[in-house]
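# Structural description and commentary
Spelled out from the first residue to the last, the chains are:
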Amino acid sequence: QAKNKMKEAQLAILESEAKVKQMIHAEQAVTAARIDVLNRHHQDALAREQQDNDTVQEDISLSHKEELANVTTITICKQQETIDELRDEVWLKRSEVKDLKLDMKTALQLAAADLEAMRANHWKEKRILFKKQKAIKKCTRRVSKQRKT
């Protein structure tokens, strides 16, 4: 009987050891499952963080691009204003040139008219001078004829 009890005790110890091993395996499986869950949560958190970082980078990049677009737009507007101002100056200068051409044309016409009047006056004076010279010659001839007689 003692042998039987001893065998039963050994069997009970073996069953106990088997149960302990099963419990250890079960605990290891639960721990491994918990580690997997934690790893998945950690991976998800890392993925979300990376996505947030990417979104922030995209927002920064988009904001930077918008700033560049705004600066470019402002630069283009300023250049357009400068172009408009220069165009106005060109039109003003063209208008001044047209006025000067008109003034010069008028001055040339007046000078031509004055020249024509001076020519006509010159011929009149020349004719008067010629008549005076003729008259002087006649007088000189008469005086010289009267002296001879």
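The rules we used
- Residues numbered from 1 in each chain as written.
- Predicted model: local features only at pLDDT ≥ 70, side-chain atom pairs only at ≥ 80, totals over all residues.
- Heavy atoms only, no water.
- Salt bridge = Lys/Arg side-chain N within 4 Å of Asp/Glu carboxyl O.
- Helix = DSSP H or I, 4+ residues; strand = E, 2+ residues; numbered from the N terminus.
- Buried < 20%, exposed > 50% of the residue type's maximum accessible area, 1.4 Å probe, protein only.
- Phe/Tyr/Trp six-rings, centres within 6.5 Å; stacked < 30°, edge-to-face > 60°.
- Lys NZ or Arg CZ within 6 Å of the ring centre and 35° of its normal.
- Patch = residues over 30% accessible without salt bridge, like charges linked within 9 Å, V, L, I, M, F, W, Y side chains within 5 Å.
- Areas by Shrake-Rupley, 256 points an atom, 1.4 Å probe, with all protein chains shown as cover.
- Lys, Arg positive; Asp, Glu negative; His and termini not counted.
- Charge placed at Lys NZ, Arg CZ, Asp CG, Glu CD.

On to the pattern of salt bridges. The final tally for this structure, using the stated rule, is three salt bridges. One salt bridge in this structure joins glutamate 116 and arginine 119, with 3.5 Å as the shortest N-O distance. With glutamate 116 and arginine 119 both in helix α1 (residues 2-148), this residue pair falls three residues apart, about one helical turn. The exposure class assigned to arginine 119 is partly exposed, which follows from its relative accessible area of 45%.

Before going further, it helps to examine the packing of aromatic side chains. This model, assessed by the stated rule, comprises zero aromatic pairs. Cation over ring: arginine 94 sits above tryptophan 91, and NZ or CZ is 4.9 Å from the ring centre.

Right, let's get into a positive patch on the surface. Together, Lys124, Arg127, Lys131, Lys134, Lys137, Lys138, Arg141, Arg142, Lys145 and Lys148 make up a region of like positive charge exposed at the surface. One can find lysine 124 in helix α1. Assessed through its relative accessible area of 53%, lysine 124 is described here as exposed.

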